[in-house]
Amino acid sequence: LKATLPEIFAQLEPDFVFWISGADVHQDDRFGQLSLTLQEIRDRDLYVLQLIADYACRAVILYGGGYNSRPGMTAEIHAQTIRVSARFFSDLEPANSKSG
């Protein structure tokens, strides 16, 4: 992700991003193969969100995938992404609020 996504953003300079934030990357997913922890998924989310913010893109975040062997974990992964995204964007200074 870190090796390719910044280059794609630089080449395309997107105004709008559709991001499918998959839960099948979790370590307990039955079909995924990335084996990420909840913290690593949170780090992924923050990394993508920062790129979106750096390019001042509008974004739609979609939730996909997730076949976790632990009951409720897929929902928790998606809920974590919602919480992280909401907190991230609420912490950004509005573009029109700069003084001076």
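All of the points below concern the structure found in this document. (Residues numbered from 1 in each chain as written. Predicted model: local features only at pLDDT ≥ 70, side-chain atom pairs only at ≥ 80, totals over all residues. Heavy atoms only, no water.)

Tallied over the entire structure, the rule returns three salt bridges. For aspartate 28, the salt bridge is made with arginine 70, and the minimal N-O distance between the two is 3.1 Å. Linking aspartate 28 in the loop between strand 1 (16–22) and helix 2 (38–54) with arginine 70 in the loop between strand 2 (58–64) and helix 3 (73–91), this pair joins segments that are 42 residues apart in sequence. Arginine 70 sits in the partly exposed class, given a relative accessible area of 40%. With a shortest N-O distance of 2.7 Å, glutamate 76 and arginine 83 are connected by a salt bridge. (Salt bridge = Lys/Arg side-chain N within 4 Å of Asp/Glu carboxyl O. Helix = DSSP H or I, 4+ residues; strand = E, 2+ residues; numbered from the N terminus. Buried < 20%, exposed > 50% of the residue type's maximum accessible area, 1.4 Å probe, protein only.)

Before going further, it helps to spend a moment on the pairing of strand 2. Judged from the seven bridges that link them, strand 1 and strand 2 form a sheet pairing that is parallel. Directly across from phenylalanine 18, in strand 2, lies its bridge partner valine 60. Running through helix 2, the crossover from strand 1 to the neighbouring parallel element strand 2 is right-handed. (Pairing = 2+ DSSP bridges. Right-handed = clockwise from strand over helix to strand, strands pointing away.)

The next point concerns the environment of glutamate 76. The topology assignment puts glutamate 76 in helix 3. Given a relative accessible area of 30%, glutamate 76 falls into the partly exposed group. The spacing of glutamate 76 and alanine 23 is 53 residues in sequence and 9.2 Å in space, taken between C-alpha atoms. Those residues in contact with glutamate 76 that lie beyond four places of it in its chain are Leu38 and Arg83. (Contact = heavy atoms within 4.5 Å.)

On to the packing of helix 1 (residues 5–12) against helix 2, then. When two helices pack together, their arrangement is given by the angle between their axes and by how far apart the axes lie. Running from N to C, helix 1 and helix 2 cross one another at 15 degrees; their axes reach a closest spacing of 11 Å. Considering their axes alone, helix 1 and helix 2 lie roughly parallel with respect to each other. In the crossing of helix 1 with helix 2, the sense of the turn from one axis to the other is right-handed. The segment helix 1 lies against helix 2, with Leu5, Pro6 and Phe9 engaging Tyr47, Val48, Leu51 and Ile52. (Axes fitted to C-alpha atoms, helices over the stretch in contact; angles between N-to-C directions. Parallel < 35°, antiparallel > 145°, perpendicular 65-115°, else oblique. Left-handed = near helix turned anticlockwise from the far one by under 90°.)

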